[in-house]
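Summary of the model geometry
Residue-level listing of the chains:
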Amino acid sequence: MSDTVAQAPEKDRLFLLKVLGPTHVWALGVGIVLVGEYMGWNFSVAKGGALGSLIACWVIGLLYTCVAMIDSEVTSTVAAAGGQYTQAKHIIGPLMAFNVGLYLVMAYTMLEAADALVVGDLIHQIGVETGAVGLDPRAFVVLTIAFLAWLNYRGVLMTLTVNFLITAVAFVAIIVLFFGIQPWQEGQTIFHRELLTGLPYGWIGVVAALQFGMWYYLGIEGTCQAAEEVRSAGRSIPLGTMLGMITLLIAASLTWFVASGLLPWEYLGQSVVPLYDTARMTGSPFLQSLLFIGTLFAAIASANGCINDAARAWFSMGRDKYMPIWFGAVHPRYRTPFRSIVFLIPIAVSFAFTGLLDQVITFSILSGLLGYTFMSINVMKFRRSWPLGSIDRGYVHPFHPVPALMLLTLCLATYFATYLGYGAQLISILVFYIIASIWFALHRYRYVARGDQFTMAWPRPANY
Amino acid sequence: MAKIYQPPKQSRLGQFIDCVFLIAIVYGSLMLPLLFNFGNGEETPPPETAAAVQEATWESLGQNAVMQQQWEKLGFDPASAGEIINDRFDYTIEPWSLGITAAILIGYFIFVLTFSEKEYREVIDERFGKRQR
Amino acid sequence: MTIWSIATYVAWGISGLLLGWMLFDVIRVGQNYSESFLLSAREGEDELLHEAEEEEGRQ
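Everything numeric in this text was worked out from a predicted model, so none of it was measured. (Residues numbered from 1 in each chain as written. Chains lettered and ligands numbered in written order. Predicted model: local features only at pLDDT ≥ 70, side-chain atom pairs only at ≥ 80, totals over all residues. Heavy atoms only, no water.)

This part takes up the interface of chain B and chain A. A common measure of how large an interface is: the accessible area buried when the components associate. Every contact between the two is made by 68 residues of chain B and, on the other side, 97 residues of chain A. Across the chain B-chain A interface, the total number found is four salt bridges. For the salt bridge of R444 of chain A with D18 of chain B, the shortest nitrogen-to-oxygen distance reads 2.5 Å. Counting across the interface, chain B meets chain A through 27 residue pairs in polar contact (both at pLDDT 80 or more). (Contact = heavy atoms within 4.5 Å. Salt bridge = Lys/Arg side-chain N within 4 Å of Asp/Glu carboxyl O. Polar contact = N/O pair within 3.5 Å; in protein donor to acceptor, adjacent residues only side chain to side chain.)

Here a ring pair, both rings aromatic, is described through the centre-centre distance and the interplanar angle of the planes. Considering all chains together, one arrives at 47 aromatic pairs over all chains under this definition. A centroid spacing of 6.5 Å and a plane angle of 80 degrees characterise the contact between F140 of chain A and W4 of chain C, whose relative ring orientation is edge-to-face. With F140 of chain A in helix α6 (residues 138–153) and W4 of chain C in helix α1 (residues 3–32), the pair connects residues from two separate chains. Under the relative-accessibility criterion, W4 of chain C is labelled buried at 17%. Plain terms: the ring middles of F351 of chain A and Y27 of chain B are 5.9 Å apart, the flat faces sit at 10 degrees to each other, and that makes the pair stacked. You can see F351 of chain A sitting in helix α14 (residues 338–354) and its partner Y27 of chain B sitting in helix α1 (residues 12–36), one on each of two chains. By relative accessible area, F351 of chain A is classed as buried at 0%. Taken together, the aromatic side chains of Y85, F98, Y322, W439, F440 and Y445 of chain A together with F21 of chain B make up a single cluster linked through ring pairs. For the cation-ring pair, R88 of chain B lies above Y201 of chain A, with the distance from its terminal atom to the ring centre recorded as 5.4 Å. Over the face of the ring belonging to F128 of chain B we find R127 of chain B, whose NZ or CZ atom lies 5.0 Å from the ring centre. (Phe/Tyr/Trp six-rings, centres within 6.5 Å; stacked < 30°, edge-to-face > 60°. Helix = DSSP H or I, 4+ residues; strand = E, 2+ residues; numbered from the N terminus. Buried < 20%, exposed > 50% of the residue type's maximum accessible area, 1.4 Å probe, protein only. Lys NZ or Arg CZ within 6 Å of the ring centre and 35° of its normal.)

So, on to the confidence of the model for chain A. All names here are of chain A. The predicted model of chain A averages 89 in pLDDT, with 97% of residues at 70 or higher. For chain A, the element scoring lowest by mean pLDDT is helix α1 (residues 2–7), at 38; α6 scores highest, at 95. With pLDDT under 50 throughout, residues 1–10 is counted as low confidence; its partners more than four residues away or in other chains account for eleven contacts. (pLDDT = per-residue confidence, 0-100.)

Let us now look at the packing of helix α5 (residues 94–129) of chain A against helix α16 (residues 402–442) of chain A. All names here are of chain A. Between α5 and α16, the least distance of the axes is 10 Å, while the angle of their chain directions is 135 degrees. In terms of their interaxial angle, α5 and α16 are classed as oblique. Where α5 crosses over α16, the handedness of that crossing is right-handed. Taken together, the residues of α16 that come into contact with α5 (itself represented by P94, L95, F98, N99, L102, Y103 and M106) are F432, Y433, A436, S437, W439 and F440. (Axes fitted to C-alpha atoms, helices over the stretch in contact; angles between N-to-C directions. Parallel < 35°, antiparallel > 145°, perpendicular 65-115°, else oblique. Left-handed = near helix turned anticlockwise from the far one by under 90°.)

This brings us to the side chain of R28 of chain C. Looking at where R28 of chain C falls in the secondary structure, it is placed in helix α1. Engagement of the side chain of R28 of chain C in a polar contact is seen with the side chain of D25 of chain C, the distance being 2.4 Å.

Glancing now at helix α13 (residues 285–319) of chain A. When the terminal C-alpha atoms of α13 of chain A are compared, their 51 Å separation across 35 residues agrees well with the 51 Å that a helix rising 1.5 Å per residue should span. Most of α13 of chain A is tucked away, with 28 of its 35 residues classed as buried. (Expected span 1.5 Å × (residues − 1).)

Here it is, written out as C-alpha cells:
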C-alpha cells in the first residue's frame, strides 16, 4: 500500500488541483446553505412569529445581496483558497486576517456540527418510530462526520460531485413538496388564513427574528474558498454564486409558504426538522419519505461543504504560519489540505454531541455575522487603497458605498437581534475572539514573515 | 529598502503547544458556557404558567379550530402543546447588559483594526520598500 | 439484539475504520515525504501558472 503512495510523481512543488467548474461552485454554495431551509430557519419563527420570520427572510435577503455584490468584486481580484481571509490580509492587515480566518473556520465547523446533529436526530427519530429502545444517535453523528471527512480527504472533485447530486435531490424535494401540497387550495390543503397570527411579539420580535433569518442563506459566500481549485475562477465563481443565490431565494420562499401554512407557529418555532414535519402533516407516505431523504441529503451536503471550506481556511492560515505551519501541507497524492481536515474532526464531533442545536447554530451565525461586518469595512478600504482603474477588476459592484453602509447597518441590527434572547452566546463568542486576538498579536505573529504575506500582483496601496 | 524581518522557525513542540492552546480556548469559551447553560436560549417556564398548563384547554391556549386540528395531527394534547405555546422569549432590554455587550463588540473591532493597521504598514514597507518622506 | 443495535455497532465500527485510516495515512505521508515538499504550496500560484512557466523556461 505504501508503495503506491511513494510512486506518485514527485514534482518540486505541490498544488491544490484545478479541476472544478461552475456546477461544483453551485454545489458547494447551495450545498452548504440548503440545509438551512430544512432546519434552523424556523427558530426565527419562535423569535418573531411566522410573519416576522418572513419579513426577516426578506431583510436578510437584502443583507446577502450586499454580501454577494461586495464579495464578487473583491473575489474577482483575489483568487486564493483562503477567500475572505486572503482579502483581509491584503486589504486590512494581519490581525484582522487572523480573525477572519477564525470566523470562517468556526462558522463552518459549527454548521457542520449542527448538520451532523440533525442527521443523528433524524435517524434516532426513525429508530423510535420503528420501535428501537435506547438508540444512541451519537454513533450516526460520528459516522456522518467520519465518512465526509474521508471523502474530503480523498479529493475535492469526488467530494463536490457527490455534493452536486445530493444537493440537487434536496432542492427538487422542496419543489415536489410544494406542488404535492396543492397550495392553490387554500382552506383545504393549506391554512394560512387560520394559522397566521400576526406578530406575537410586535415589531421587536421581527428584529429579534433577524438572527435566525440569516440561516436561510448563511454560507453562500463560502464559494470563494474554492478559488484555487476552480478552472477560470473569475468567471465560474460569480456565476455559480449568483445561480446559488437564486436557488436559495426560491427554496426559502417555498419553504416558508408550506411550513407556515400547515404548522402552528409555536410548534414550527421549536421543530428540529420543520420540512419533514410539514410533509408528515400531508399524510402522504411518498412526500414523507421524500422529505426525510431531502433532509438527510441536505444535512450531509452541508456538512460536506463545510468540511471543505473550514479545512481550506485553516490550511491557508497554516501556510502563512498564522497557525502552526504543519497544517499548511498538501497531500501528495490526493492534493487536499489533509492535516487540516483531520484536525477539525474532533471539534465538530464534540459540539454535535452537546445536542443543543439552536445554540450551536448561534455560534455559526455569529461567526458569519462578524465576517460580514468585516466585509463592509473591507470593501470601503479596498476602494480607497486601490481606486477603480488602478487594478484589474473582473466585476465592479454598483452604487458604492451604499451596499457597504447598508450591510453595516443590517449587521448592527442582527447583533441587536442576537442580544435579544441569546446575549450570553454573543458575549462568549466575543470573548473567544478577543483571547485569540491577544494570543496572535503577542505570541503567534512572531512566526509570520512580513512582506511575504502580500502575494497579489497589485501596486502599492494609496496612502501607504 | 526596509530591513527584512526574519521570523524564527517554530519547533514541533511549539506547534503542538499552540494547537493545545487553541483547542483549550475553543472549549473554554464556547463549550463550557453551553454545558453549564448560563445562556438564556432555553428557559424553564415560571411556575405559575407550569401550573396553568395542567388544566389547559385549546380555548384557554387561544387556539382556533384549524390550529387545534393541526396540533392533534402532530400528536399533541392541550397539556403538551401548552408547554410549547407558553414558552416565550423575554425581550425586556436591560440598558446595562446591552451597553456592556455593545462596548465589548465595538472595543473588539477597534482593537483588531488599529493593531492590524500597525502590522499592515510593516507588511507594505517590507513588500514595496519604505516610502521616502 | 435488534436490527438497530446492530446498526449502531456497525456505525461505530465504520467510523473507527475511516478515522483510523486517515490517522494512519497522515502519519505515513509524514514519514514518506519531506516536510518542505509537503509544505511547498504557495498562495496565488497554481498548477496552470506553474506549467506555463516551465514551458517558457524550456523555449
